[in-house]
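Residues per chain, in single letters:
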Amino acid sequence: TLLKLLMNKKMKKSVVVIGAGVGGLAVAIKLAKAGFDVEVFEQSEVAGGKMGQFVKDGFRFDTGPSLFTLPQLVRQLIEKQGGAGVGFEFQKLENLCRYHYSDGVVLNAYGDIERFASEVEQVLGEPKANVKSYLNKVTEMYNLASEMFIFNPFARWETFRSELGRKVARQLHKLDMFLTMHQRNRKSFNSQHLIQLFDRYGTYNGSNPYAAPATLTMIAHLEHVDGAY
């Protein structure tokens, strides 16, 4: 969005980017490729933002998220900007997260849906069918609306008027807009542990699962279906 704004205006070909986190680095790379003279300023000693780490007593600690999704976006960023030879290695996680609950319950969220559903049934007593049905629903929602809600500037009239916007409008009933995330999760599962697990996906974009629309349950698709790395 910033790149389009700058390219559409007759401006001097110099840009300052504040912050060398993931977003700052990405926009700096794109602007530099577009011909701008880019300067990046970062208050920390190293670039990377939440991708930071530190080592103590032989152990490495991530200072931000310890997993990531959509690795193809990083590859596209590198390759489209002429960095095809830049090394970028990643590995799919067999176990996305290990959840430790205050009552002592430990649940492994395996990357394989069948294995995860079996784990949930064995540990929490939640039928496998409920897990699979839920993930099928959020995947359908993701496939329908992610391009509009995640990969395009949503709050723009042009987005609503586009063919993509019209496609989504014809299937609004599938977006689960009239329930909150928590309400949808409570209707989908019997286990409070599992409700809590899927409620947490609202926090991925700073949302409150007790207030945000159930449309955002599509975020769970990224880890549980597309995979985490």
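All of these numbers come straight from a predicted model, not from anything done at the bench.

A. Main features of the overall build of the protein. Looking only at helices and strands, the protein has 10 helices and 6 strands in total. Of all intrachain contacts in the protein linking residues separated by at least 6 positions in sequence, the fraction that spans at least 24 positions is 52%. For the protein, the computed accessible surface area is about 14400 Å², with 53% contributed by carbon and sulfur atoms.

B. Main features of the packing of aromatic side chains. Following the criterion strictly, the structure yields 9 aromatic pairs and no others. Between Phe 90 and Tyr 229, the ring centres sit 5.4 Å apart and the planes meet at 85°, which makes this aromatic pair edge-to-face. Taken together, the residues Phe 90 in the loop between α3 (71–80) and β5 (95–100) and Tyr 229 in the segment after α10 (219–226) connect sequence positions 139 residues apart. You can call Phe 90 partly exposed: its relative accessible area is 29%. The structure contains a cluster of three or more aromatic residues connected by ring pairs, namely Tyr 134, Phe 189, Phe 198, Tyr 201 and Tyr 204.

C. Structural detail: the side chain of Thr 180. The residue Thr 180 is located in the loop between α7 (163–169) and α8 (181–188) in this model. When sequence neighbours within four positions are dropped, the list of residues in contact with Thr 180 reads Pro 209, Tyr 210, Ala 211, Ala 212, Pro 213 and Ala 214.

D. Region of interest: α3. Those residues of α3 not exposed but buried are Pro 71, Leu 77 and Ile 78. The buried residues of α3 occupy an angular sector of 120° when the element is viewed end-on, so they sit on one face.

E. Just a nonpolar patch on the surface, in detail. A surface patch of nonpolar side chains, about 330 Å² in accessible area, is lined by Val 16, Ile 18 and Phe 41. Relative to the helices and strands, Val 16 is located in strand β1 (residues 14–18). With relative accessibility at 48%, the residue Val 16 sits in the partly exposed group.

F. Quick peek at the packing of helix α4 (residues 113–124) against helix α9 (residues 192–199). With their axes 10 Å apart at the nearest point, α4 and α9 run at an angle of 140° to one another. In terms of orientation, α4 and α9 fall into the oblique class. For the pair α4 and α9, contact is made by Phe 116, Val 120 and Leu 124 and by His 193, Leu 194 and Phe 198, respectively. Counted by class, the contact of α4 with α9 contains 5 nonpolar, 1 polar and no charged residues.

G. Summary view of the pattern of salt bridges. Applying the stated criterion to the full structure yields 7 salt bridges. Glu 114 serves as the salt-bridge partner of Lys 128, at 2.7 Å between the closest nitrogen and oxygen. You can see Lys 128 sitting in helix α5 (residues 128–149) and its partner Glu 114 sitting in helix α4, a full 14 residues away along the chain. Using a relative accessible area of 23% as the deciding quantity, one classes Lys 128 as partly exposed. One network of salt bridges, with partners in common, ties together Glu 114, Lys 128 and Lys 132.

H. Up close: α8. Every buried residue belonging to α8 is among Met 181, His 182, Arg 184 and Asn 185, and all of these are buried. End-on view of α8: buried residues confined to an arc of 160°, all on one side of the axis.

Rules used throughout
Residues numbered from 1 in each chain as written. Predicted model: local features only at pLDDT ≥ 70, side-chain atom pairs only at ≥ 80, totals over all residues. Heavy atoms only, no water. Helix = DSSP H or I, 4+ residues; strand = E, 2+ residues; numbered from the N terminus. Contact = heavy atoms within 4.5 Å. Areas by Shrake-Rupley, 256 points an atom, 1.4 Å probe, with all protein chains shown as cover. Phe/Tyr/Trp six-rings, centres within 6.5 Å; stacked < 30°, edge-to-face > 60°. Buried < 20%, exposed > 50% of the residue type's maximum accessible area, 1.4 Å probe, protein only. Arc of directions from axis to C-beta. Patch = residues over 30% accessible without salt bridge, like charges linked within 9 Å, V, L, I, M, F, W, Y side chains within 5 Å. Salt bridge = Lys/Arg side-chain N within 4 Å of Asp/Glu carboxyl O. Axes fitted to C-alpha atoms, helices over the stretch in contact; angles between N-to-C directions. Parallel < 35°, antiparallel > 145°, perpendicular 65-115°, else oblique. Nonpolar A, V, L, I, M, F, W, Y, C, P; charged D, E, K, R; others polar.

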